[in-house]
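Close look at the chain arrangement
Now for the letters of each chain:
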Amino acid sequence: MKTPKVTVLVKYLSTLKKIKKKYVTSELLSKYVGVYPEVINETFSYFDPMVNMDYQYNLMDLVDQCESYLNQLKSKASEKNAPKVLVTKKKLEKYESIADFIYQKMTIGGIVDRNIVLSDVELRALKRLISDEQALRKQTKKKQK
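Let us look at the structure shown here.

Parameters at a glance
- Residues numbered from 1 in each chain as written.
- Predicted model: local features only at pLDDT ≥ 70, side-chain atom pairs only at ≥ 80, totals over all residues.
- Heavy atoms only, no water.
- Salt bridge = Lys/Arg side-chain N within 4 Å of Asp/Glu carboxyl O.
- Helix = DSSP H or I, 4+ residues; strand = E, 2+ residues; numbered from the N terminus.
- Buried < 20%, exposed > 50% of the residue type's maximum accessible area, 1.4 Å probe, protein only.
- Axes fitted to C-alpha atoms, helices over the stretch in contact; angles between N-to-C directions.
- Parallel < 35°, antiparallel > 145°, perpendicular 65-115°, else oblique.
- Contact = heavy atoms within 4.5 Å.
- Nonpolar A, V, L, I, M, F, W, Y, C, P; charged D, E, K, R; others polar.
- 1 Å grid on protein atoms, 1.4 Å probe; cavity = no way out; pocket = protein on both sides within 12 Å on 5 of 7 lines; lining within 4 Å.
- Points joined across faces, edges and corners; volume = space filled by probe spheres on them.
- Core = buried A, V, L, I, M, F, W, Y, C linked by side-chain atoms within 4.5 Å.
- Expected span 1.5 Å × (residues − 1).
- Arc of directions from axis to C-beta.

Let's talk about the pattern of salt bridges
- As enumerated under the stated definition, the model contains three salt bridges in all.
- Lysine 105 is the salt-bridge partner of glutamate 122, the closest N and O atoms lying 3.4 Å from each other. Linking glutamate 122 in helix H8 (residues 120–144) with lysine 105 in helix H7 (residues 98–106), this pair joins segments that are 17 residues apart in sequence.
- Lysine 105 gets classed as partly exposed once you look at its relative accessible area, which sits at 29%.
- Here glutamate 133 and arginine 137 are joined by a salt bridge, their closest N and O atoms 3.4 Å apart. Of this pair, glutamate 133 and arginine 137 both sit in helix H8, separated by four residues, roughly a single helical turn.
- According to the relative accessible area criterion, arginine 137 is exposed, its value standing at 54%.

See below:
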């Protein structure tokens, strides 16, 4: 079964909470939201499959289940989003050039180690060093012309 989209579910829940009735069917909700009752039933059928068969089903019974589902999604999203380590000028000051970066990170006693795997942060630092070097070369070419 297809999971409901978060934005659509939030829209339906906010409308359900604004309606001052105890018994709200999909037809009544469709008048407030502007979506066909079948589409609303399809969204809420994730929580209770009876919604598709019974058009007189009270959608207010599903509010708690929908809110708990949204809370679970928010907690999962917050766990996945770890703070991103930024590459700053201060961190790049350790390296004089691209060659210095390669010497410090990818060599052992002056010999290049082919088995070295750079982390994402190190790759971003190398990318920044390369882009800075390219910008510097463009400036020198413009001055020479």
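Observations concerning the packing of helix H1 (residues 6–18) against helix H2 (residues 26–33)
- Running from N to C, H1 and H2 cross one another at 100°; their axes reach a closest spacing of 10 Å. When the axes of H1 and H2 are compared, the pair comes out roughly perpendicular. The residues of H2 that touch H1, namely those facing Lys11, Tyr12, Thr15 and Leu16, are Leu29, Tyr32 and Val33.
- Its residues placed into classes, the contact of H1 with H2 shows five nonpolar, one polar and one charged.

Brief notes about the layout of surface pockets
- Here the largest pocket is characterised by a volume of approximately 240 Å³.
- If you go around the largest pocket, you meet twelve residues; those closest to its centre are Lys2, Thr3, Pro4, Glu42 and Thr43.
- Counting only elements with at least two residues in the lining of the largest pocket, the list comes to H1 and helix H3 (37–44).
- Class assignment for the residues of the lining of the largest pocket results in six nonpolar, three polar and three charged.

Considerations on the nonpolar core
- Among the nonpolar cores identified, the biggest contains 20 residues, and Leu29, Phe44, Leu59 and Leu62 are the most heavily contacted of them.
- If we skip the residues at most four places from it in the chain, leucine 59 touches Leu16, Val24, Thr25, Ser26, Leu29, Ile40, Phe44 and Val51.
- Of all hydrophobic cores here, the second largest spans eight residues; its members include Val87, Tyr95, Phe101 and Ala125.

Details of helix H5 (residues 63–80)
- Spanning 18 residues, H5 covers 26 Å between terminal C-alpha atoms, matching the ideal 26 Å at 1.5 Å per step.
- Within the span of H5, buried status applies to Val63, Cys66, Tyr69 and Leu70. Looking straight down H5, one finds its buried side chains confined to an arc of 130°; they lie on one side. Across H5 from its buried face, at more than 90 degrees, point the exposed residues Asp64, Ser78 and Glu79.
- Of the surrounding secondary structure, the elements contacted by the buried residues of H5 are H1 and H3.

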